[in-house]
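# Tertiary structure, described
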Amino acid sequence: MLKYAIIGFGGLGRVHLSNLNRLSKEGYDLNLVAICGTTAEKFKESVSLNLGDVDCSDIDISNCSFYDDYKELIDKENPDFIVSAVPTYLHKEVAVYALSHGINVFSEKPMALNVESCEEMIKASKNNNAFLMIGQCLRFDSSFVKLKEYVENKTFGKVNRAEFTRYSQTPLWTWNNWILKEDKSGGCIIDMHIHDVDLINWIFGTPKSIHSVMTENKVEAEAIFTQYEMKDGTLILSSADWSMPQKFPFEAKCLVNFEKATVVIKDNSVVVYTDNEVIEETFDGESYFYNEMKDFVECITKKCTSETTSTESILDTVKIVMAEVKSAKEKNTIYINMEEEK
Ligand SMILES: NC(=O)c1ccc[n+]([C@@H]2O[C@H](COP(=O)([O-])OP(=O)(O)OC[C@H]3O[C@@H](n4cnc5c(N)ncnc54)[C@H](O)[C@@H]3O)[C@@H](O)[C@H]2O)c1
(Lines give C-alpha, C1' and ligand atoms only; values in the text may rest on other atoms or scores of the structure.)
Protein backbone atom coordinates (compact mmCIF):
# COMPACT_ATOMS: atom_id res chain seq x y z
CA MET A 1 0.00 0.00 0.00
CA LEU A 2 1.16 3.53 -0.84
CA LYS A 3 0.20 6.21 1.69
CA TYR A 4 -0.15 9.63 0.09
CA ALA A 5 -0.93 13.25 0.91
CA ILE A 6 -2.05 16.24 -1.15
CA ILE A 7 -0.34 19.54 -0.38
CA GLY A 8 -2.22 22.54 -1.80
CA PHE A 9 -5.91 21.89 -2.33
CA GLY A 10 -7.08 24.43 -4.91
CA GLY A 11 -7.91 23.60 -8.52
CA LEU A 12 -5.07 21.21 -9.33
CA GLY A 13 -4.98 19.59 -5.87
CA ARG A 14 -8.61 18.57 -6.49
CA VAL A 15 -7.88 17.38 -10.06
CA HIS A 16 -5.07 15.12 -8.81
CA LEU A 17 -7.05 13.79 -5.85
CA SER A 18 -9.94 12.79 -8.13
CA ASN A 19 -7.54 10.91 -10.43
CA LEU A 20 -5.80 9.17 -7.51
CA ASN A 21 -9.21 8.19 -6.15
CA ARG A 22 -10.10 6.76 -9.57
CA LEU A 23 -6.79 4.83 -9.68
CA SER A 24 -7.49 3.27 -6.29
CA LYS A 25 -10.95 2.20 -7.52
CA GLU A 26 -9.19 0.62 -10.50
CA GLY A 27 -7.03 -1.55 -8.22
CA TYR A 28 -3.97 0.55 -7.32
CA ASP A 29 -3.30 0.15 -3.60
CA LEU A 30 -3.41 3.82 -2.56
CA ASN A 31 -4.44 5.37 0.74
CA LEU A 32 -5.13 9.09 1.18
CA VAL A 33 -3.79 9.93 4.66
CA ALA A 34 -3.68 13.72 4.72
CA ILE A 35 -4.39 16.99 2.94
CA CYS A 36 -2.66 20.28 3.66
CA GLY A 37 -4.36 23.56 2.81
CA THR A 38 -8.03 22.86 3.52
CA THR A 39 -10.38 21.60 6.25
CA ALA A 40 -12.87 18.70 6.32
CA GLU A 41 -15.71 21.24 5.86
CA LYS A 42 -14.13 23.13 2.94
CA PHE A 43 -13.11 19.84 1.29
CA LYS A 44 -16.66 19.46 -0.01
CA GLU A 45 -16.55 22.70 -2.04
CA SER A 46 -16.09 22.38 -5.79
CA VAL A 47 -13.99 24.83 -7.83
CA SER A 48 -14.30 26.16 -11.37
CA LEU A 49 -11.23 26.23 -13.62
CA ASN A 50 -10.80 27.10 -17.29
CA LEU A 51 -10.72 23.29 -17.70
CA GLY A 52 -14.20 22.87 -16.13
CA ASP A 53 -15.52 22.25 -12.59
CA VAL A 54 -13.78 19.88 -10.17
CA ASP A 55 -15.73 18.28 -7.37
CA CYS A 56 -14.27 15.82 -4.83
CA SER A 57 -17.22 15.77 -2.43
CA ASP A 58 -17.96 12.05 -2.96
CA ILE A 59 -14.42 10.96 -1.98
CA ASP A 60 -14.08 9.06 1.30
CA ILE A 61 -12.07 11.18 3.76
CA SER A 62 -12.72 9.06 6.86
CA ASN A 63 -9.00 8.15 7.16
CA CYS A 64 -7.71 11.58 6.10
CA SER A 65 -6.21 14.16 8.47
CA PHE A 66 -6.16 17.88 7.65
CA TYR A 67 -3.19 20.18 8.20
CA ASP A 68 -2.27 23.78 7.51
CA ASP A 69 1.49 23.26 7.80
CA TYR A 70 3.00 20.94 5.19
CA LYS A 71 6.14 20.31 7.30
CA GLU A 72 4.01 19.08 10.20
CA LEU A 73 2.07 16.84 7.79
CA ILE A 74 5.27 15.31 6.41
CA ASP A 75 6.85 14.86 9.86
CA LYS A 76 3.76 13.25 11.40
CA GLU A 77 2.33 11.23 8.49
CA ASN A 78 5.54 10.17 6.70
CA PRO A 79 3.64 9.36 3.46
CA ASP A 80 5.15 7.29 0.61
CA PHE A 81 4.40 10.16 -1.76
CA ILE A 82 3.01 13.65 -1.85
CA VAL A 83 1.29 15.54 -4.63
CA SER A 84 2.28 19.20 -4.42
CA ALA A 85 -0.19 21.61 -6.05
CA VAL A 86 0.73 24.70 -4.09
CA PRO A 87 1.24 28.08 -5.82
CA THR A 88 4.39 28.07 -7.97
CA TYR A 89 6.57 30.19 -5.64
CA LEU A 90 6.29 27.34 -3.08
CA HIS A 91 7.12 24.43 -5.43
CA LYS A 92 10.80 24.25 -4.55
CA GLU A 93 10.51 24.49 -0.76
CA VAL A 94 7.73 21.87 -0.53
CA ALA A 95 9.50 19.45 -2.90
CA VAL A 96 12.93 19.81 -1.30
CA TYR A 97 11.48 19.31 2.21
CA ALA A 98 9.63 16.14 1.21
CA LEU A 99 12.48 14.72 -0.93
CA SER A 100 15.02 15.33 1.82
CA HIS A 101 12.82 13.10 4.03
CA GLY A 102 13.02 10.37 1.36
CA ILE A 103 9.43 10.97 0.20
CA ASN A 104 8.52 10.68 -3.51
CA VAL A 105 7.10 13.88 -4.98
CA PHE A 106 4.76 14.78 -7.81
CA SER A 107 5.07 18.56 -8.16
CA GLU A 108 2.98 20.70 -10.47
CA LYS A 109 4.42 22.62 -13.41
CA PRO A 110 6.22 24.95 -13.82
CA MET A 111 9.02 23.14 -12.00
CA ALA A 112 10.09 26.36 -10.22
CA LEU A 113 10.56 30.07 -10.85
CA ASN A 114 14.27 29.87 -11.67
CA VAL A 115 16.91 27.41 -12.86
CA GLU A 116 18.76 27.26 -9.50
CA SER A 117 15.58 26.13 -7.68
CA CYS A 118 15.00 23.39 -10.27
CA GLU A 119 18.59 22.20 -9.82
CA GLU A 120 18.10 22.09 -6.04
CA MET A 121 14.99 19.94 -6.51
CA ILE A 122 16.86 17.50 -8.78
CA LYS A 123 19.77 17.32 -6.32
CA ALA A 124 17.41 16.61 -3.38
CA SER A 125 15.79 13.82 -5.41
CA LYS A 126 19.13 12.22 -6.32
CA ASN A 127 20.76 12.61 -2.89
CA ASN A 128 17.80 11.03 -1.10
CA ASN A 129 16.93 8.40 -3.69
CA ALA A 130 13.38 9.75 -3.86
CA PHE A 131 11.46 10.02 -7.13
CA LEU A 132 10.56 13.48 -8.42
CA MET A 133 8.13 14.04 -11.26
CA ILE A 134 6.93 17.39 -12.61
CA GLY A 135 3.39 17.78 -13.94
CA GLN A 136 4.20 18.85 -17.50
CA CYS A 137 0.94 17.17 -18.34
CA LEU A 138 0.85 17.63 -22.13
CA ARG A 139 3.59 14.98 -22.44
CA PHE A 140 0.72 12.63 -21.49
CA ASP A 141 -1.76 13.98 -24.05
CA SER A 142 -2.38 11.33 -26.74
CA SER A 143 -2.45 14.04 -29.45
CA PHE A 144 1.06 15.20 -28.68
CA VAL A 145 2.35 11.65 -28.19
CA LYS A 146 1.12 11.05 -31.76
CA LEU A 147 2.75 14.25 -33.04
CA LYS A 148 6.07 13.22 -31.46
CA GLU A 149 5.81 9.90 -33.33
CA TYR A 150 5.14 11.72 -36.64
CA VAL A 151 8.17 13.96 -36.12
CA GLU A 152 10.56 11.19 -34.97
CA ASN A 153 9.45 8.68 -37.63
CA LYS A 154 9.30 11.36 -40.37
CA THR A 155 5.83 9.95 -41.21
CA PHE A 156 5.09 12.95 -43.44
CA GLY A 157 8.68 13.84 -44.26
CA LYS A 158 10.66 16.51 -42.49
CA VAL A 159 9.14 19.42 -40.61
CA ASN A 160 9.13 22.69 -42.56
CA ARG A 161 7.72 24.84 -39.78
CA ALA A 162 5.45 24.72 -36.73
CA GLU A 163 3.38 27.08 -34.62
CA PHE A 164 1.88 26.84 -31.15
CA THR A 165 -0.75 29.25 -29.76
CA ARG A 166 -2.42 29.37 -26.34
CA TYR A 167 -4.92 32.06 -25.35
CA SER A 168 -6.91 32.35 -22.13
CA GLN A 169 -9.15 34.72 -20.26
CA THR A 170 -7.20 36.44 -17.46
CA PRO A 171 -7.06 33.81 -14.65
CA LEU A 172 -9.05 35.23 -11.74
CA TRP A 173 -9.74 31.95 -9.95
CA THR A 174 -6.61 31.34 -7.85
CA TRP A 175 -6.13 31.69 -4.10
CA ASN A 176 -5.42 35.39 -3.27
CA ASN A 177 -4.86 35.97 -7.01
CA TRP A 178 -1.24 34.74 -6.60
CA ILE A 179 -1.14 33.79 -10.29
CA LEU A 180 -1.38 37.42 -11.47
CA LYS A 181 1.87 38.41 -9.71
CA GLU A 182 4.94 37.83 -11.82
CA ASP A 183 7.19 37.18 -8.78
CA LYS A 184 4.81 34.42 -7.60
CA SER A 185 3.82 32.68 -10.86
CA GLY A 186 6.08 34.04 -13.60
CA GLY A 187 2.97 35.45 -15.32
CA CYS A 188 1.56 33.98 -18.51
CA ILE A 189 5.07 33.25 -19.76
CA ILE A 190 6.28 30.88 -17.05
CA ASP A 191 2.85 29.64 -16.00
CA MET A 192 0.89 29.05 -19.24
CA HIS A 193 3.29 29.45 -22.17
CA ILE A 194 5.59 26.86 -20.54
CA HIS A 195 3.19 24.15 -21.77
CA ASP A 196 4.12 24.98 -25.39
CA VAL A 197 7.79 25.47 -24.57
CA ASP A 198 7.81 22.02 -22.98
CA LEU A 199 6.14 20.48 -26.05
CA ILE A 200 8.67 22.17 -28.35
CA ASN A 201 11.56 20.92 -26.20
CA TRP A 202 10.14 17.40 -25.83
CA ILE A 203 9.13 16.93 -29.48
CA PHE A 204 11.63 19.02 -31.45
CA GLY A 205 14.58 19.38 -29.02
CA THR A 206 16.25 22.48 -27.65
CA PRO A 207 16.37 25.45 -30.03
CA LYS A 208 19.60 27.00 -31.32
CA SER A 209 18.29 30.52 -30.75
CA ILE A 210 15.17 32.30 -29.60
CA HIS A 211 13.81 35.80 -29.98
CA SER A 212 10.82 36.94 -27.89
CA VAL A 213 8.68 39.99 -27.35
CA MET A 214 6.17 40.41 -24.54
CA THR A 215 3.29 42.72 -23.56
CA GLU A 216 2.09 44.01 -20.18
CA ASN A 217 -1.03 46.13 -20.87
CA LYS A 218 -3.47 44.61 -18.39
CA VAL A 219 -1.44 42.45 -15.99
CA GLU A 220 2.26 41.62 -15.42
CA ALA A 221 3.88 39.34 -18.04
CA GLU A 222 0.52 38.80 -19.76
CA ALA A 223 1.66 37.69 -23.25
CA ILE A 224 4.71 36.45 -25.13
CA PHE A 225 5.48 35.89 -28.82
CA THR A 226 8.59 33.83 -29.62
CA GLN A 227 10.47 32.74 -32.71
CA TYR A 228 12.63 29.62 -32.22
CA GLU A 229 15.31 28.63 -34.69
CA MET A 230 15.98 24.91 -34.27
CA LYS A 231 19.40 23.28 -34.73
CA ASP A 232 18.39 21.90 -38.17
CA GLY A 233 17.11 25.32 -39.26
CA THR A 234 13.39 24.55 -38.71
CA LEU A 235 11.39 27.63 -37.73
CA ILE A 236 8.88 27.44 -34.88
CA LEU A 237 6.61 30.27 -33.71
CA SER A 238 4.71 30.40 -30.44
CA SER A 239 2.24 32.89 -28.94
CA ALA A 240 0.61 32.90 -25.52
CA ASP A 241 -1.69 35.56 -24.07
CA TRP A 242 -3.82 35.51 -20.95
CA SER A 243 -5.10 39.06 -21.13
CA MET A 244 -8.33 38.05 -22.91
CA PRO A 245 -11.77 39.08 -21.52
CA GLN A 246 -13.57 36.69 -19.16
CA LYS A 247 -16.01 35.56 -21.86
CA PHE A 248 -13.16 34.55 -24.22
CA PRO A 249 -13.10 30.74 -24.47
CA PHE A 250 -9.75 29.10 -23.69
CA GLU A 251 -8.02 28.17 -26.96
CA ALA A 252 -4.86 26.17 -27.68
CA LYS A 253 -3.73 25.12 -31.13
CA CYS A 254 -0.66 23.55 -32.70
CA LEU A 255 0.04 23.39 -36.42
CA VAL A 256 2.97 21.51 -37.93
CA ASN A 257 3.69 21.85 -41.63
CA PHE A 258 5.54 18.73 -42.80
CA GLU A 259 6.88 18.16 -46.34
CA LYS A 260 3.89 15.95 -47.22
CA ALA A 261 1.12 17.02 -44.82
CA THR A 262 -0.06 19.67 -42.40
CA VAL A 263 -1.07 18.42 -38.95
CA VAL A 264 -3.39 20.48 -36.74
CA ILE A 265 -4.01 19.70 -33.05
CA LYS A 266 -6.92 21.55 -31.49
CA ASP A 267 -9.63 20.69 -28.93
CA ASN A 268 -8.18 17.19 -28.34
CA SER A 269 -8.30 16.31 -32.03
CA VAL A 270 -5.49 15.60 -34.48
CA VAL A 271 -6.27 16.27 -38.14
CA VAL A 272 -3.85 15.46 -40.94
CA TYR A 273 -4.35 17.38 -44.20
CA THR A 274 -2.67 16.15 -47.40
CA ASP A 275 -3.23 17.12 -51.04
CA ASN A 276 -5.72 14.24 -51.43
CA GLU A 277 -7.39 13.64 -48.08
CA VAL A 278 -8.24 14.76 -44.56
CA ILE A 279 -7.50 12.14 -41.88
CA GLU A 280 -8.85 12.53 -38.35
CA GLU A 281 -6.94 10.53 -35.73
CA THR A 282 -9.04 9.01 -32.94
CA PHE A 283 -7.90 8.34 -29.37
CA ASP A 284 -9.29 6.75 -26.21
CA GLY A 285 -10.27 10.20 -24.89
CA GLU A 286 -8.34 9.64 -21.62
CA SER A 287 -7.38 12.84 -19.82
CA TYR A 288 -3.71 13.74 -19.64
CA PHE A 289 -4.06 14.47 -15.92
CA TYR A 290 -5.19 10.88 -15.37
CA ASN A 291 -2.42 9.50 -17.63
CA GLU A 292 0.33 11.44 -15.85
CA MET A 293 -0.86 10.43 -12.36
CA LYS A 294 -1.04 6.77 -13.43
CA ASP A 295 2.50 7.04 -14.80
CA PHE A 296 3.72 8.63 -11.55
CA VAL A 297 2.20 5.85 -9.41
CA GLU A 298 3.67 3.20 -11.73
CA CYS A 299 7.12 4.84 -11.65
CA ILE A 300 7.08 4.65 -7.84
CA THR A 301 5.72 1.10 -7.75
CA LYS A 302 8.12 -0.26 -10.38
CA LYS A 303 11.00 2.05 -9.39
CA CYS A 304 11.56 3.17 -12.97
CA THR A 305 11.77 6.46 -14.87
CA SER A 306 11.32 7.38 -18.52
CA GLU A 307 12.30 10.07 -21.01
CA THR A 308 8.81 11.50 -20.51
CA THR A 309 9.29 11.96 -16.76
CA SER A 310 12.95 13.09 -16.93
CA THR A 311 13.49 16.08 -14.64
CA GLU A 312 16.67 16.93 -16.62
CA SER A 313 14.52 17.38 -19.73
CA ILE A 314 12.05 19.54 -17.79
CA LEU A 315 14.97 21.60 -16.46
CA ASP A 316 15.87 22.30 -20.11
CA THR A 317 12.30 23.55 -20.65
CA VAL A 318 12.72 25.96 -17.73
CA LYS A 319 16.06 27.14 -19.17
CA ILE A 320 14.41 27.85 -22.53
CA VAL A 321 11.51 29.78 -21.00
CA MET A 322 13.94 31.80 -18.85
CA ALA A 323 15.90 32.64 -22.01
CA GLU A 324 12.64 33.86 -23.55
CA VAL A 325 12.00 36.19 -20.60
CA LYS A 326 15.59 37.50 -20.94
CA SER A 327 15.21 37.95 -24.69
CA ALA A 328 11.95 39.89 -24.28
CA LYS A 329 13.29 42.09 -21.46
CA GLU A 330 16.66 42.79 -23.13
CA LYS A 331 15.17 42.96 -26.67
CA ASN A 332 17.85 40.56 -27.93
CA THR A 333 18.15 37.22 -29.70
CA ILE A 334 19.46 34.61 -27.23
CA TYR A 335 21.63 31.70 -28.38
CA ILE A 336 21.12 28.54 -26.33
CA ASN A 337 23.72 25.86 -25.75
CA MET A 338 22.53 23.35 -23.17
CA GLU A 339 25.51 21.04 -23.77
CA GLU A 340 28.01 23.77 -22.90
CA GLU A 341 26.03 24.62 -19.77
CA LYS A 342 26.04 20.99 -18.53
N1 LIG B 1 -0.83 21.24 -15.29
C2 LIG B 1 -1.69 22.21 -15.56
O3 LIG B 1 -2.24 22.29 -16.65
C4 LIG B 1 -1.99 23.21 -14.49
C5 LIG B 1 -3.20 23.93 -14.52
C6 LIG B 1 -3.44 24.84 -13.49
C7 LIG B 1 -2.51 25.04 -12.47
N8 LIG B 1 -1.34 24.34 -12.49
C9 LIG B 1 -0.31 24.54 -11.45
O10 LIG B 1 -0.77 24.01 -10.22
C11 LIG B 1 -0.31 24.81 -9.14
C12 LIG B 1 -1.53 25.21 -8.31
O13 LIG B 1 -2.40 25.98 -9.12
P14 LIG B 1 -3.96 26.07 -8.80
O15 LIG B 1 -4.60 26.60 -10.03
O16 LIG B 1 -4.46 24.82 -8.21
O17 LIG B 1 -3.94 27.23 -7.70
P18 LIG B 1 -5.00 27.51 -6.55
O19 LIG B 1 -4.76 28.90 -6.08
O20 LIG B 1 -6.36 27.12 -7.00
O21 LIG B 1 -4.58 26.47 -5.42
C22 LIG B 1 -3.45 26.61 -4.64
C23 LIG B 1 -3.80 26.10 -3.24
O24 LIG B 1 -2.61 26.05 -2.46
C25 LIG B 1 -2.98 26.43 -1.14
N26 LIG B 1 -1.79 26.87 -0.41
C27 LIG B 1 -1.18 28.07 -0.44
N28 LIG B 1 -0.08 28.07 0.36
C29 LIG B 1 -0.01 26.82 0.90
C30 LIG B 1 0.87 26.19 1.80
N31 LIG B 1 1.92 26.84 2.32
N32 LIG B 1 0.63 24.92 2.14
C33 LIG B 1 -0.43 24.25 1.63
N34 LIG B 1 -1.32 24.79 0.76
C35 LIG B 1 -1.10 26.06 0.41
C36 LIG B 1 -4.03 27.52 -1.31
O37 LIG B 1 -4.85 27.63 -0.16
C38 LIG B 1 -4.81 26.99 -2.51
O39 LIG B 1 -5.90 26.20 -2.09
C40 LIG B 1 0.41 26.00 -9.76
O41 LIG B 1 1.79 25.80 -9.71
C42 LIG B 1 -0.07 26.02 -11.19
O43 LIG B 1 0.90 26.53 -12.10
C44 LIG B 1 -1.08 23.42 -13.46
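Small disclaimer: the values here were computed from a predicted structure and weren't measured.

### Some remarks on the overall build of the protein
- In terms of helices and strands, the protein carries 11 helices and 17 strands.
- Against the compact-globule benchmark of 20 Å for 342 residues, the protein has a radius of gyration of 20 Å, which places it among compact chains.
- Each principal axis of the C-alpha atoms in the protein carries an extent, and together these give about 60 × 45 × 45 Å.
- In the protein, which comprises 342 residues, the share counted as buried stands at 41%.
- Partitioning the contacts of the protein with sequence separation of at least 6, the portion at a separation of at least 24 is 75%.

### Points about the domain arrangement of the protein
- Looking at the assigned domains, one finds that the protein contains domain 1 (2–135 + 290–304) and domain 2 (139–286 + 317–341).
- Using only C-alpha atoms to locate each centre, domain 1 and domain 2 end up separated by 26 Å.
- If you look at the interface, domain 1 gives 19 residues, while domain 2 gives 18 residues.
- Every element with two or more residues in the side of domain 1 that touches domain 2 is listed here: strand S3 (47–49), helix H4 (115–127) and helix H9 (288–302).
- If one sorts the elements of the side of domain 1 that touches domain 2 by residue count, H9 sits on top with four residues.
- Residues of the side of domain 1 that touches domain 2, tallied by class, amount to nine nonpolar, seven polar and three charged.

### Here's the deal with unusual backbone geometry
- That bond from Lys109 to Pro110 is cis: its omega, -15 degrees, falls within 30 degrees of zero.
- One non-glycine residue, Asn268, lies in positive phi territory at about 60 degrees.
- Examined against the element boundaries, Asn268 turns out to sit in the loop between strand S14 (262–266) and strand S15 (269–273).
- Classification of Asn268 by C-beta neighbours within 10 Å gives partly exposed; the count is 13.
- In the Ramachandran plot, Lys331 falls in the positive-phi region, its phi being about 55 degrees despite a non-glycine side chain.

### Details of the sheet that holds strand S6 (residues 81–84)
- Pairing is parallel across the open sheet formed by six strands, whose spatial order is S5-S2-S1-S6-S7-S8. The outermost strands of the open sheet, each flanked by one partner alone, are strand S5 (65–67) and strand S8 (132–135). Taken over all neighbouring pairs, the strand axes of this sheet differ in orientation by 20 degrees on average, direction set aside.
- In this structure, strand S1 (residues 2–7) lies alongside S6, joined through four bridges in parallel fashion. By the bridge assignment for S6, Ala5 is matched with Ile82.
- Each of S1, S6, strand S7 (104–108) and S8 is contacted by helix H3 (residues 91–100), which is oriented at about 170 degrees to S7, the strand it contacts most.

### Re the nonpolar core
- Formed by 89 residues in total, the largest nonpolar core has its most connected members in Ala5, Ile7, Ile82, Leu99 and Val105.
- With eight residues, the top contributor of residues to this core is helix H10 (residues 311–330).
- Inspection of this core shows a minimum of three residues originating in each of domain 1 (2–135 + 290–304) and domain 2 (139–286 + 317–341).
- Filtering out sequence-adjacent residues up to four positions away, Val105 remains in contact with Phe81, Ile82, Ser84, Ala95, Ala98, Leu99, Ala130 and Leu132.

### Overview of the site of the ligand
- Close contacts around the ligand come from 22 residues, with Gly8, Gly10, Gly37, Thr174 and Trp175 the closest.
- Here the residues of the shell around the ligand sort into 11 nonpolar, eight polar and three charged.
- Domain assignment of the residues forming the shell around the ligand places at least three in each of domain 1 (2–135 + 290–304) and domain 2 (139–286 + 317–341).

### Considering the pairing of S14
- The side-chain alternation of S14 yields one buried face, formed by Val263 and Ile265, and one unburied face, formed by Thr262, Val264 and Lys266.
- In this antiparallel pair of consecutive strands, strand S13 (residues 251–258) and S14, the connection spans three residues.
- In the sheet, S14 pairs with S15 via five bridges, with the strands oriented antiparallel. When the bridges of S15 are listed, Val264 appears paired with Val271.

### Here we look at the sheet that holds strand S11 (residues 223–229)
- Ordered by their spatial adjacency, nine strands build an open sheet running S16-S15-S14-S13-S9-S12-S11-S10-S17, and the pairing between neighbours is mixed. Only two strands of the sheet have a single neighbouring strand rather than two, namely strand S16 (278–281) and strand S17 (333–335). Ignoring which end each strand starts from, the neighbouring axes of this sheet average 15 degrees apart.
- Here eight bridges tie strand S9 (residues 159–169) to strand S12 (residues 235–244), and the two strands are oriented parallel to one another. If you follow Glu163 over to S12, its bridge partner there is Leu237.

### Regarding the environment of Gly205
- Here Gly205 lies in the loop between helix H8 (194–204) and strand S10 (209–215).
- Filtering out sequence-adjacent residues up to four positions away, Gly205 remains in contact with Met230 and Lys231.

### Thoughts on H4
- Across its 13 residues, H4 extends 18 Å between first and last C-alpha, which sits within 8% of the 18 Å expected from 1.5 Å per residue.
- Every buried residue belonging to H4 is among Cys118, Met121, Ala124 and Ser125, and all of these are buried. For H4, the angular spread of buried residues about the axis comes to 125 degrees, placing them on one side. For H4, the exposed residues set more than 90 degrees away from the buried face come down to Glu116, Lys126 and Asn127.
- In this structure, the buried residues of H4 make contact with H3, S8 and H10.
- Positive backbone phi, approximately 55 degrees, marks Asn129, located one or two places after H4.

The rules behind the values
Residues numbered from 1 in each chain as written. Predicted model: local features only at pLDDT ≥ 70, side-chain atom pairs only at ≥ 80, totals over all residues. Helix = DSSP H or I, 4+ residues; strand = E, 2+ residues; numbered from the N terminus. Rg over C-alpha atoms; globule rule 2.2 N^0.38 Å. Buried ≥ 20, exposed ≤ 12 C-beta atoms within 10 Å, placed from the backbone. Contact = placed C-beta atoms within 7 Å. Domains from an automatic or database assignment. Nonpolar A, V, L, I, M, F, W, Y, C, P; charged D, E, K, R; others polar. Pairing = 2+ DSSP bridges. Axes fitted to C-alpha atoms, helices over the stretch in contact; angles between N-to-C directions. Core = buried A, V, L, I, M, F, W, Y, C linked by C-beta atoms within 7 Å. Near = placed C-beta within 6 Å. Expected span 1.5 Å × (residues − 1). Arc of directions from axis to C-beta.

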